[in-house]
Structure formats: C-alpha cells, structure tokens
Amino acid sequence: MKILVLNCGSSSIKYQFIDTEIAAPLAKGQVERIGMMSAVLTHQPAGKEKIRIVGEILDHKIAIEYVIAVLLSPNHGVIQDKNEIDAVGHRVVHGGETFSGSVLITENVMRALKENIELAPLHNPPNIKGIEAVTIQLPNTPQCGVFDTAFHAKMPPHAYLYGIPRELYKRYKIRRYGFHGTSHRFVSKRAAELMGKDITELKIITAHLGNGASIAAINGGISIDTSMGFTPLEGLLMGTRCGDMDPSVILYIMGKEGLSIGEANTLMNKHSGLIGVSGESSDMREIEEAKAANDKKASEAFNLFTYRIKKYIGAYSAALGGIDALVFTGGIGENSTLVRKDVCSNMDYLGLKLDETKNESPKGEADISTDDSKVRIFRIPTNEELVIALDTEEIVSKHLESLK
Ligand code: ADP
C-alpha cells in the first residue's frame, strides 16, 4: 500500500509518503510556518533534489492541499492521481485512556479525540485539524490514528497512578500516560529481531533520547513503566524540559517570582533542561562542544542528563527483575557516542558492558556491547513513520476485508 503519513503540529506538518512494500518513503517533506504569509514547503522525492516552495498557507486545510499537489506534481511528484494514496496515517499525541492501539478514524473516534483535547491542549487540536483537512481533500480515503500513548496503555496501576487523592484521578484522569510509544514499540521489536528471539521472552529497556527524551521498561513486549507521565514533562532531563523534580520547587518559584500558571509551564517546558542548566544550548552537540572546551555549566548539564538515564536504568532493571537488552534511539541516542559511553560506564554489576570500538561505529543499527556482556546494548534508529504506515496498512486492510 501507499500511505501518506502525517504529523500535524500547530504551525507545521511533517509528511512521508511510504510504500509499505519496500518499507521506505517515496517522498517526504514538511510545511512550516502554517498561518503565515511566507509559509515554506520543503519536499524531497526519494533519490532526488530537495525543493522549497514559499507561499501563503493560512491553515491546515491549505497545507494538506499543497502536500497533495506536490505529490501529484509532474516534475517533483511521485503519483499521477490522488487515488494512488491508499490511506492516510496520522500521528496523534494523546489517546488518553480511550485508545490502547491504533484505530480507523470514524465519527466516534473523532468525538473521543475531541474529548481528550484537555489532556493535550497543544498537540491534539492540530492532529484533529489535520484529520479534518484530509477528510475534505480525500473524502474517500481511509484514515488511521496512531497514538504516542497507546504502547504504554497496559502499564499496571502501580506504575500509572500518582500518590494523590484517587478522586483527582477519577475526576481529571490524572495519571501517567507516557509518550514516544511508537518509537519504544519499534525499537524494542527490532532489538528482539536482532537478537533472534521472541519479544515475549525478553526484558528490554529502551531509551529514546532526542529533544524530548523518555525511557521505557518493556517486559515481554509490553511497556510496564515509562518516564514521561501525565505530560511529556516528567522523567529524564531534556533539551528544554526539567524532567523529574520535587513538585514543591515550582510552587516555591511561582510564589517567589509571582509567576502565573502559564509562565510556570513555560519555565519548566521551554527554559529548563539542558538549556536551563548550561545557559548555553538545548542542543546536545553544542553541549558536547562546550564540555570539550571545559565549560563547567555545560559539563554539569551533560552529567545531569546522563546520570538521570543511569538512575532510570537501575530503577527499571529492578522493576523488570533483570534486563536482556538496552536500546538507544532518538537524535542523541543514535548519534552521541559520548552519551552512550557515559550512561553505560560502571554498569558491569548489571551485566552491561559497552564495547568502545563498536560504540564508535557509524550510523545504522548496531550491537555495541562486548561479546561477554550479558546484556545486549543496541543503537537502533527509530522509524515512527514506518510504524504508522504499517499500522495503517493493517487496519485499513482489515477494514476493507470486512466491507467485502
Ligand atoms: P526531536 O525530539 O525533536 O525529534 P531528535 O530526535 O531529532 O529530536 O534529536 C535532537 C537531538 O539530537 C539534539 O539535541 C541534537 O543535538 C542531538 N544530536 C544529533 N546529532 C548528534 C550528534 N552527532 N551528537 C550528539 N547529539 C546529536
């Protein structure tokens, strides 16, 4: 099947047009600055030059119109007719407690998505706009929603409940949901395949380290705990997010600095993490450069980042009762030799030994543990778009079958 995979944000849409038969994109690109006079569409057909179009794209509907037009374009396109788009798969951030797997978009699903807006006020509305825009442009094309939260939906209550009055969980659905589920699912499955084992037999810890970062404990293919919580703010230190801290810290700062709820939210989400601690950058490459130049604050930010990952690995090994594989993915996990080395240092006690030479190996999937390491350590590039395309193909095929 040929599937258009969309990741719709508030002012941007990222897309890949994937042929599931070859498990690769025929074209990919993004629309940025939606809502502005000078919106930009960058489009790259596989194996060809990237093109850039600047124009007025006032909303998601027009953006989707542009994406379809460029896929059809005689010079830069990859299809001749809209009908060659067999289905559309959307990344949807928050499925709340309603969705524990990917779904075909129906009116009922749209209603449920709208009910979950309060849980992800920044992310779900543009996801919904994207679905509505596709419905207008491609009214007969089936669409699926693939949720960031779904993979974590089977966590047990002791992992998802917070220690607050239960009434608040019931009233406002305050609990751990976890995010990056599509990525944790993909890389844990790949790790099992690389080990030549059935995932149901394995205990795996997956570390998705990008601008946003989270870690998951996966027992027999099921996520039993993960570091992001009610929102993506909890857990690891991130590019601009603080991750774990004593909740009273923010109340204290709000009192001292007279911050509103919105300002406090911005402080924790946008001005904390690597950028907040280093005062330099939210970008790990720049943090590493500053650390190499003996910048003390950048070194401390780096150490805080890796130390917290180490702590979570310890915690999740305990939660899992042992560990068979550790997987690094995401922009930092896939590319930073230094982060992987630091995280894996002095972990022999867990049976986890990094091979420093293999750790230096260039891009791609690799087992980077020593031959005698009891725990396999992998670097596995994530591919959330492919997961969305494959889920969409499976769901749409079943749906079409049921219509026969
Ligand atoms: P997002 O969460 O926005 O998808 P990515 O997964 O693309 O983020 O990761 C972005 C992060 O990856 C940035 O902090 C960037 O510095 C880091 N990164 C990319 N390449 C390297 C590298 N070679 N060494 C260290 N960090 C890297």
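The structure presented is a predicted model; accordingly, all values stated were derived computationally and were not measured. (Residues numbered from 1 in each chain as written. Predicted model: local features only at pLDDT ≥ 70, side-chain atom pairs only at ≥ 80, totals over all residues. Heavy atoms only, no water.)

### Thoughts on the nonpolar core
Operational definition: We call a set of buried residues a nonpolar core when its members are Ala, Val, Leu, Ile, Met, Phe, Trp, Tyr or Cys and they connect through side-chain atoms within 4.5 Å of each other. Each residue is assigned to one of three classes by its accessible area relative to the maximum for its type, calculated with a 1.4 Å probe on protein chains only: buried under 20%, partly exposed between the two thresholds, exposed over 50%. Helix and strand assignments follow DSSP, with helices taken as H or I runs no shorter than four residues and strands as E runs no shorter than two, numbered in order from the N terminus. In this description, contact between two residues means that some pair of their heavy atoms is separated by no more than 4.5 Å.
Residues Leu-209, Ile-215, Phe-305 and Leu-326 are the most contacted members of the largest nonpolar core, which totals 40 residues. Counting only elements with at least two residues in this core, the list comes to strand 9 (203-209), strand 10 (213-219), helix 10 (284-292), helix 11 (296-320), strand 12 (325-329) and helix 13 (337-344). Ranked by residues supplied to this core, first place goes to helix 11 with nine residues. Not counting chain neighbours up to four residues away, the residues in contact with Phe-305 comprise Leu-209, Leu-237, Leu-274, Met-284, Ile-332 and Val-339. The next biggest cluster of nonpolar side chains, apart from the first, holds 25 residues, and it includes Cys-8, Ala-27, Ile-85 and Val-134.

### A few points about the site of the ligand
Put simply, the rule reads: We call a residue near a molecule or strand as soon as one heavy atom of that residue lies within 4 Å of the molecule or strand. Polar contacts, as counted here, are pairs of nitrogen or oxygen atoms within 3.5 Å of one another; within protein the pair requires one atom able to donate a hydrogen and one able to accept it, and residues that are adjacent in sequence qualify only if both atoms are side-chain atoms. Accessible areas in this description were obtained via Shrake-Rupley with a 1.4 Å probe; residue shielding takes into account the shown protein chains only. Residues are grouped as follows: Ala, Val, Leu, Ile, Met, Phe, Trp, Tyr, Cys and Pro are nonpolar; Asp, Glu, Lys and Arg are charged; every other residue, Gly included, is polar.
The immediate surroundings of the ligand are formed by 13 residues, with Asn-211, Asp-283, Met-284, Arg-285 and Gly-331 found nearest. Here an oxygen atom of the ligand sits 3.0 Å away from a polar atom, N or O, in the main chain of Met-284. One of the backbone nitrogen or oxygen atoms of Ile-332 is found 3.3 Å away from an oxygen atom of the ligand. In isolation the ligand exposes 580 Å². Once the protein is present, 68% of that is buried. Elements with a contribution of two residues or more to the shell around the ligand: helix 10 and helix 12 (330-335). For the shell around the ligand, the leading source of residues is helix 12, giving four residues. Residue composition of the shell around the ligand, grouped by class: two nonpolar, eight polar and three charged.

### A word on the packing of aromatic side chains
Which entries qualify depends on this criterion: Here a pair means two rings of Phe, Tyr or Trp (six-membered ring of Trp) with centres within 6.5 Å. Their orientation is stacked below 30 degrees between planes, edge-to-face above 60, and tilted elsewhere. We call a charge positioned over a ring when the NZ of a Lys or the CZ of an Arg lies within 6 Å of the ring centre and within 35 degrees of the ring normal.
Taken as a whole and judged by the stated rule, the model has four aromatic pairs. For the pair Tyr-160 and Tyr-169, a centre-to-centre distance of 6.1 Å together with 50 degrees between the ring planes defines the contact as tilted. Each member of the pair, Tyr-160 as well as Tyr-169, carries the same accessibility label: buried. Where Tyr-312 meets Tyr-316, the ring centres are 5.5 Å apart and the plane angle is 65 degrees; that geometry is what we call edge-to-face. Highlighted residues: Tyr-312 and Tyr-316, both in helix 11, separated by four residues, approximately one helical turn. Positioned above the aromatic ring of Tyr-160, the side-chain terminus of Arg-175 is 3.8 Å from the ring centre.

### Topic: the state of the cysteines
The following threshold applies: Cysteine sulfur atoms that come within 2.5 Å of each other are treated as a disulfide pair.
In this structure the tally under the stated criterion is zero disulfides. Free cysteine: Cys-144, not disulfide-bonded; nearest cysteine sulfur from Cys-8 at 14 Å.

### Observations concerning the layout of surface pockets
Inclusion rule: Here a cavity is any set of points on a 1 Å grid over the protein atoms alone where a 1.4 Å probe fits but cannot get out, and a pocket is any open set with protein on both sides within 12 Å along at least 5 of 7 lines; a residue lines the site when it has an atom within 4 Å of a point. Grid points are joined across faces, edges and corners, and a volume is the space filled by probe spheres set on the points.
Each pocket or cavity is described by its volume, and for the second largest pocket that value is around 230 Å³. Going through the elements one at a time, strand 8 (143-147), helix 6 (181-195) and strand 11 (222-226) are the ones with two or more residues in the lining of the second largest pocket. Tallying contributions element by element places helix 6 first for the lining of the second largest pocket, with three residues. Residues that form the lining of the second largest pocket fall into these classes: six nonpolar, seven polar and three charged.

### Digging into unusual backbone geometry
For Arg-33, which is not a glycine, the phi torsion comes out positive at approximately 60 degrees. Position of Arg-33 relative to the elements: it lies in the loop between strand 3 (24-32) and strand 4 (36-45). One non-glycine residue, His-180, adopts positive backbone phi at about 60 degrees. Within the secondary structure layout, His-180 lies in the loop between helix 5 (166-172) and helix 6.

### Overview of the sheet that holds strand 4
Under the convention used in this document: Paired strands, in this sense, are two strands between which DSSP finds at least two bridges. Axes here refer to lines fitted to C-alpha atoms; in helices the fit is confined to the stretch in contact. Angles between the N-to-C directions go from 0 to 180 degrees.
Pairing within the open sheet is mixed, and its eight strands lie in the order 5-4-3-2-1-6-8-7. With one partner strand each, in any of the chains shown, strand 5 (51-57) and strand 7 (103-104) form the two edges of the open sheet. Inspection of the sheet shows strand 7 paired to strand 8 by two bridges, in the antiparallel sense. Directly across from Leu-104, in strand 8, lies its bridge partner Cys-144. Against the sheet, helix 15 (residues 384-403) contacts strand 1 (2-8), strand 2 (13-19), strand 6 (87-92), strand 7 and strand 8, and its axis sits at roughly 130 degrees relative to strand 6.

### A look at the pattern of salt bridges
For clarity, the threshold we go by: Salt bridge criterion: a side-chain nitrogen from Lys or Arg within 4 Å of a carboxyl oxygen from Asp or Glu.
Overall, the coordinates contain 17 salt bridges when judged by the stated rule. When the shortest N-O distance is used, the salt bridge between Glu-365 and Arg-190 registers 2.8 Å. Here Arg-190 lies in helix 6 and Glu-365 lies in the loop between helix 14 (356-359) and strand 13 (366-367), a separation of 175 residues in the sequence. One salt bridge connects Lys-341 with Glu-356, and the closest N-O pair in it is separated by 3.8 Å. Taken together, the positions of Lys-341 in helix 13 and Glu-356 in helix 14 put the pair 15 residues apart, joining distant regions of the chain.

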